[in-house]
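Geometric and topological summary
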Amino acid sequence: MHDVIVCDEEFESASAAIQKACRKIDRIVSLYLLIMENACKTGVMAGETAEALKAYVSYAAKLKDVADSIGEHHSTAKQYFLDAVDSADDYLY
């Protein structure tokens, strides 16, 4: 059997970086949607292009908060993993 060394601090640091990146992606998506919605209201107001743009914005809006949710799921999975490692090596400490 092989020994596995898990550095909790590295997992915590990586998890924090992933969560920060996910929050940044969500802010970018929100800004993008705001710009696209503004284009729908003020730029392209009628016709097939307007309808296509509105449909696109409606579809793109589904991306809102997805990255943040991924970051939260990652954090939860990270914690489960660290808890499992702690439980498995409990006899050592």
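Just above sits the structure.
Below is a short write-up of the structure.

**What to know about the overall build of the protein**
- When you go through the protein residue by residue, the secondary structure sums to 3 helices and 0 strands.
- Helices and strands appear in the protein in the N-to-C order α-α-α.
- Against the compact-globule benchmark of 12 Å for 93 residues, the protein has a radius of gyration of 21 Å, which places it well outside the compact range.
- Summarising its shape, the C-alpha atoms of the protein cover approximately 70 × 20 × 15 Å along the three principal directions.
- Each of the 93 residues in the protein was classed as buried or not, and the buried ones make up 19%.
- Sequence-distant contacts, at least 24 apart, represent 78% of the contacts inside the protein between residues at least 6 apart.
- Surface exposure of the protein reaches about 7,300 Å², of which carbon and sulfur atoms provide 61%.
- Distance from the positive charge centre (9 side chains) to the negative charge centre (16 side chains) of the protein: 16 Å.

**Observations regarding the environment of Glu12**
- As for its placement among the helices and strands, Glu12 is situated in helix H1 (residues 8-43).
- Setting aside its immediate chain neighbours within four residues, Glu12 contacts Lys78, Gln79 and Leu82.

**Some thoughts on the side chain of Ser15**
- Examined against the element boundaries, Ser15 turns out to sit in helix H1.
- Discounting chain neighbours no more than four positions away, the residues touching Ser15 are His74, Ser75 and Lys78.

**Overview of a positive patch on the surface**
- There is a patch of like positive charges on the surface, built from Lys20, Arg23, Lys24 and Arg27.
- Summarising the element assignment, Arg23 is placed in helix H1.
- Under the relative-accessibility criterion, Arg23 is labelled partly exposed at 40%.

**Comments concerning helix H3 (residues 66-88)**
- End to end, H3 covers 33 Å across 23 residues, agreeing with the expected 33 Å (1.5 Å per residue, within 8%).
- Within the sequence span of H3, burial applies to Ala67, Gly71, Ser75, Lys78, Leu82 and Val85.
- The secondary structure elements touched by the buried residues of H3 are H1.

**Re unusual backbone geometry**
- Phi at Asp65 is positive, roughly 70°, even though this residue is not glycine.
- Following the sequence through the fold, Asp65 ends up in the loop between helix H2 (48-60) and H3.
- On the accessibility criterion, Asp65 (47% relative accessible area) is partly exposed.

Here is what the cut-offs are and how they apply
- The written sequence of each chain sets the order in which its residues are numbered from 1.
- Local features in this predicted model are restricted to residues of pLDDT 70 or higher, and side-chain atom pairs are both shown and tallied only at a pLDDT of 80 or more, whereas totals for entire chains, interfaces and linings draw on every residue.
- The side-chain values count all of the structure's non-hydrogen atoms but skip hydrogen atoms and water molecules.
- Each helix is a run of DSSP H or I of at least 4 residues and each strand a run of E of at least 2, with the numbering of both proceeding from the N terminus.
- A radius of gyration in this sense is built from C-alpha atoms; the matching globule rule multiplies 2.2 Å by the number of residues raised to 0.38.
- Accessible area is worked out with a 1.4 Å probe on protein chains only. A residue is then buried under 20% of its type maximum, exposed over 50%, and partly exposed in between.
- It only takes one pair of heavy atoms within 4.5 Å for two residues to be counted as in contact.
- Areas reported as accessible are Shrake-Rupley estimates using a 1.4 Å probe. Residue values count occlusion only from the protein chains shown.
- His residues and chain termini do not enter the charge count, which takes Lys and Arg as positive and Asp and Glu as negative.
- Charge placement uses NZ in Lys and CZ in Arg. For Asp and Glu, CG and CD serve respectively.
- Here the term patch refers to residues with relative accessible area over 30% and no salt bridge, with like charges joined within 9 Å and nonpolar side chains (Val, Leu, Ile, Met, Phe, Trp, Tyr) within 5 Å.
- Here a salt bridge means any side-chain nitrogen of Lys or Arg lying within 4 Å of a carboxyl oxygen belonging to Asp or Glu.
- Take the number of residues in a helix, subtract one, and multiply by 1.5 Å to get its expected span.

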